[in-house]
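Chain by chain, the residues run as shown.
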Amino acid sequence: MCDAERRLLANALLDISNEWFVLVSESCIPIVNFNTTYQYFLNSSQSFVMAIDDPGPYGRGRYNWNMTPEVELDQWRKGSQWFEVDRELAIEIVKDVVYHPKFKDFCRPSCYADEHYIQTMLSIEAPQALANRSVTWVDWSRIAAHPARFGKRDITEEFLREVQEGQTCLYNGQNTTLCFLFARKFAPSALEPLLELAPTVLGFG
């Protein structure tokens, strides 16, 4: 997975006009319009990569001591796979030859590199550049191995408003309710009601 992410970034970097790089999945949707998304990245002083020190079995419990000395236990981070990085950080990810080999050799199931590699590497090399959160909303409130999935019957104006404005976060050091630009996971059946609500709720005229 991380090899694929690095190849995607490498190809996107070939276009010198690309300044920001966002990883989303096929089940993601935009929850604000393009102009809002563009301005959010343009004016942000940091990139949006979630990287937390989780002491539990799904965080530090996945650490392999063979990672030393490149990655020590207290440097190990976990976070959402869905990230946004600027051009400088994208280059750091693509050119990395220090951390990637370690993850390739020693982060194997039940260690999942897409939840640890970029998060750990950037936390070590450029911690000040990270907002330490994702801009992709996901519902983990259900007790399951995977986040909640939303279909046609879930899509209402109230639901989308809650996704858009239901949390508070920091943006350039200030509190804001605009924390997320994308959301997942949405089933194909959600497309019709999403298109109906897009002009009024999502701002797609």
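Residues numbered from 1 in each chain as written. Predicted model: local features only at pLDDT ≥ 70, side-chain atom pairs only at ≥ 80, totals over all residues. Heavy atoms only, no water.

- As recorded by an unreviewed UniProt entry, the protein carries the name Core-2/I-branching beta-1,6-N-acetylglucosaminyltransferase family protein and is attributed to Urochloa decumbens.
- Listed under Subcellular location (unreviewed entry) in UniProt, the entry text for the protein is "Membrane". (UniProt positions renumbered as here; feature names shortened; annotations may be inferred.)

### Overview of the sheet that holds strand S2 (residues 29-30)
- If you walk across this open sheet you meet the three strands as S2-S7-S4, and the pairing is mixed. Each edge of the sheet is formed by a strand with only one pairing partner; in this case those strands are S2 and strand S4 (136-138).
- As judged from the two bridges shared by S2 and strand S7 (residues 182-184), these two strands associate in the antiparallel manner. In the sheet register, Pro 30 faces S7, and the bridge partner there is Phe 182. (Pairing = 2+ DSSP bridges. Helix = DSSP H or I, 4+ residues; strand = E, 2+ residues; numbered from the N terminus.)

### A word on helix H1 (residues 2-13)
- With twelve residues, H1 should cover 16 Å at 1.5 Å per step; its first-to-last C-alpha distance of 16 Å lies within 8% of that length.
- Restricting attention to buried positions, one finds in H1 the residues Cys 2, Glu 5, Arg 6, Leu 9 and Leu 13. Looking straight down H1, one finds its buried side chains confined to an arc of 95°; they lie on one side. Those residues of H1 that are exposed and angled more than 90 degrees off the buried face are Arg 7, Leu 8 and Asn 11. (Expected span 1.5 Å × (residues − 1). Buried < 20%, exposed > 50% of the residue type's maximum accessible area, 1.4 Å probe, protein only. Arc of directions from axis to C-beta.)

### As for the packing of helix H6 (residues 157-165) against helix H7 (residues 191-202)
- The contact between H6 and H7 brings their axes to 11 Å, and the two run at 55°. Judged by the inter-axis angle, H6 sits oblique to H7. Between H6 and H7 the crossing geometry is right-handed. Between H6 and H7, the residues in contact are Glu 157, Leu 160, Arg 161 and Gln 164 and Leu 194, Leu 197, Thr 200, Val 201 and Leu 202, respectively.
- Residue classes in the contact of H6 with H7 are distributed as five nonpolar, two polar and two charged. (Axes fitted to C-alpha atoms, helices over the stretch in contact; angles between N-to-C directions. Parallel < 35°, antiparallel > 145°, perpendicular 65-115°, else oblique. Left-handed = near helix turned anticlockwise from the far one by under 90°. Contact = heavy atoms within 4.5 Å. Nonpolar A, V, L, I, M, F, W, Y, C, P; charged D, E, K, R; others polar.)

### A short note on unusual backbone geometry
- With an omega of 0°, the peptide bond running from Thr 68 to Pro 69 counts as cis.
- Looking at the element boundaries, Pro 69 is found in the loop between helix H2 (34-43) and strand S3 (84-86).
- Residue Lys 185 is bonded to the preceding Arg 184 through a cis peptide linkage, with omega at 5°.
- Mapping Lys 185 onto the fold places it in the loop between S7 and H7.
- In this model, Asn 132 sits at a positive phi of 60°, which is unusual for a non-glycine residue.
- Locating Asn 132 in the fold gives a position in the loop between helix H5 (117-125) and S4.

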